[in-house]
Amino acid sequence: MFARAPFRKHGRKRCMNWYSDLYTGKNAEKNAKRRIKEINKGIYRGNTYLITLAANPANQLEIFSVHQLRFSYIRRNCPMILGIASGREEALEVFLEIVGQVYRETGDVRIRDYFE
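Novice: Break down the side chain of Glu90 for me, citing the residues and quoting the values.
Specialist: Mapped onto the elements of the fold, Glu90 is located in helix α4 (residues 88-106). It is Arg35 that comes nearest to the buried, bridge-free Glu90 among opposite-charge side chains, at 6.2 Å. With near-sequence residues (within four places) excluded, Glu90 lies in contact with Gly25, Lys26, Asn27, Ala28 and Ala85.

Novice: Describe in detail the environment of His67, supporting the description with residues and values.
Specialist: Structurally, His67 can be placed in the loop between β7 (61-65) and α3 (72-77). Using a relative accessible area of 23% as the deciding quantity, one classes His67 as partly exposed. Spatially, the C-alpha atom of His67 lies 8.6 Å from that of Gly46, the residues being 21 residues apart in sequence. Discounting residues that sit within four places of it in the chain, His67 has contacts with Tyr44, Arg45 and Gly46. Here Gly46 takes part through its backbone oxygen, which lies 2.9 Å from a polar atom of the side chain of His67.

About the thresholds
Residues numbered from 1 in each chain as written. Predicted model: local features only at pLDDT ≥ 70, side-chain atom pairs only at ≥ 80, totals over all residues. Heavy atoms only, no water. Helix = DSSP H or I, 4+ residues; strand = E, 2+ residues; numbered from the N terminus. Buried < 20%, exposed > 50% of the residue type's maximum accessible area, 1.4 Å probe, protein only. Lys, Arg positive; Asp, Glu negative; His and termini not counted. Salt bridge = Lys/Arg side-chain N within 4 Å of Asp/Glu carboxyl O. Contact = heavy atoms within 4.5 Å. Polar contact = N/O pair within 3.5 Å; in protein donor to acceptor, adjacent residues only side chain to side chain.

Right under this line is the structure:
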């Protein structure tokens, strides 16, 4: 069974801001395109997690279940989605991959500055 949120609310299209070079977990990689299309349509299935820039500027990244997108205050923030994973453990692996890459390339862990 899956939850479906309305595609339009009050005449406005929901905003999903996907990073162009999306990080994916090993299990999510095989059907990432399908999952992205479903999320954009408001279909939130399974054990999918998103890694995003944090809504709070004092923080760097957030990991949350795709089911939390049903809440309008989460969708309204339109955080940049950096990664997608199947399960919490895989989401943590993707999170570490992002942090590792930023550190290797910049020598710092200012993730927000790197992606903005």
